[in-house]
Amino acid sequence: MPRVSQDHMDARRREILSGARECFAEFGFEGATVRRLEEATGLSRGAIFHHFDDKDALFLALAHDDAAAMAATVAEQGLVQVMREILEDPREFSRLGTRLEIARRIRTDPEFRERWTDRQAEVDAAVVARLREQKASGRMRPDIPADVLRVYLDIVLDGLITHLATGRGTEHVSAMLDLVEASLRIGRD
């Protein structure tokens, strides 16, 4: 049996994750059957599960990749920028469906909740680091602890996702994000 290069294996893994992201976003974790995952990825179950132990491992890898991408954006541009990216085109932002599914599974699946804790900690750490950096530069309110601001932004993000998921539209949401940013900044005359 010929050996496959690591680059090929990595490309196949990314291909599987991309198709699975769309499938989970459209059907949720429970509705993303193996048959639907095969259709979404264009690969057989053998090819999919050669890279991932099971559907749960596939979803967790996808959620981890999304958390890492989110943490990178937060570190560079802040959590409000993540929200603006979601707002640009919520139908095309497939991570929205992943985030909703993560929230559901955290609430209903204790094993998943435990496995997800480290992933969420990565995003939380990036948010807190960004807030501390902004405070040190004099651009962020110094009177509120960074951990409190992180919770505030996390709740705003969850609210935005719920708002968009329920089809309530995007009118005024950009202005609301401007308000969120203004509430974090040091007042300017």
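Whatever comes next refers back to the structure up there.
As the structure is a prediction and not an experimental result, all values here were calculated from the model.

Trainee: Help me understand helix α4 (residues 55–77), please; the structure alone is not making it clear to me.
Mentor: Structurally, the α-helix is built with 3.6 residues per turn, so residues lying three or four positions apart point the same way. Here α4 contains 23 residues, and its C-alpha end-to-end distance of 33 Å stays within 8% of the 33 Å for a straight helix at 1.5 Å per residue. At the N-terminal boundary of α4, the capping side chain belongs to D54, with an oxygen 3.2 Å from the backbone nitrogen of D56.

Trainee: What exactly am I supposed to notice about the nonpolar core here?
Mentor: Soluble, globular proteins show a tendency: their nonpolar side chains are buried together. Core analysis: the largest hydrophobic core is formed by 49 residues, its most contacted members being F24, L58, L79, M83 and L153. Among the elements of the structure, α1 (6–31), α4, α5 (79–88), α6 (95–108), α7 (110–136), α8 (146–165) and α9 (173–184) are those that each provide at least two residues to this core. Among the elements that line this core, the one with the most residues is α4, at 10 residues. Excluding its chain neighbours within four sequence positions, the residues that come into contact with L153 are L79, V80, M83, L131, V180 and L184.

Trainee: Quick question: what am I supposed to make of the packing of aromatic side chains here?
Mentor: Two aromatic rings, taken as a pair, are described by how far apart their centres are and by the angle between their planes. Under the criterion given, the structure shown has 5 aromatic pairs. Ring centres of F29 and F59 lie 5.7 Å apart, and the angle between their planes is 75°; this geometry places the pair in the edge-to-face category. Separated by 30 residues along the polypeptide, F29 in helix α1 and F59 in helix α4 bring together distant segments of the chain. Between F112 and W116, the ring centres sit 6.2 Å apart and the planes meet at 5°, which makes this aromatic pair stacked.

Trainee: Would you mind going over the packing of α4 against α5 with me for this structure?
Mentor: Packed helices, taken two at a time, are described by their axes: the angle between them and the distance between them. At a minimum axis separation of 7 Å, α4 and α5 run at an interaxial angle of 120°. Regarding the angle of α4 to α5, the classification is oblique. Note on element contacts: α5 touches α4 through L79, Q81, V82 and E85, opposite M70, T73, V74 and Q77. Partitioning the contact of α4 with α5 into residue classes produces 4 nonpolar, 3 polar and 1 charged.

Trainee: Just checking my understanding: could you explain the pattern of salt bridges for this structure?
Mentor: For side chains of opposite charge, pairing can occur when their charged atoms come near one another. Scanning all chains against the criterion turns up 16 salt bridges. The partner of R105 in a salt bridge is D56, and the shortest N-O contact between them spans 2.4 Å. Note that R105 is positioned in helix α6 and D56 in helix α4, a separation of 49 residues in sequence. There is no split in this pair, since R105 and D56 are both buried. In this structure, R141 and D143 form a salt bridge, with 2.7 Å as the shortest nitrogen-oxygen distance. Looking at R141, the relative accessible area reads 27%, which means it is partly exposed. Through salt bridges with shared partners, a single ionic network connects D56, R105, D109 and R115.

The rules we used
- Residues numbered from 1 in each chain as written.
- Predicted model: local features only at pLDDT ≥ 70, side-chain atom pairs only at ≥ 80, totals over all residues.
- Heavy atoms only, no water.
- Helix = DSSP H or I, 4+ residues; strand = E, 2+ residues; numbered from the N terminus.
- Expected span 1.5 Å × (residues − 1).
- Polar contact = N/O pair within 3.5 Å; in protein donor to acceptor, adjacent residues only side chain to side chain.
- Core = buried A, V, L, I, M, F, W, Y, C linked by side-chain atoms within 4.5 Å.
- Buried < 20%, exposed > 50% of the residue type's maximum accessible area, 1.4 Å probe, protein only.
- Contact = heavy atoms within 4.5 Å.
- Phe/Tyr/Trp six-rings, centres within 6.5 Å; stacked < 30°, edge-to-face > 60°.
- Axes fitted to C-alpha atoms, helices over the stretch in contact; angles between N-to-C directions.
- Parallel < 35°, antiparallel > 145°, perpendicular 65-115°, else oblique.
- Nonpolar A, V, L, I, M, F, W, Y, C, P; charged D, E, K, R; others polar.
- Salt bridge = Lys/Arg side-chain N within 4 Å of Asp/Glu carboxyl O.

In short, the description is geometric, and any link to function would need to be established separately.
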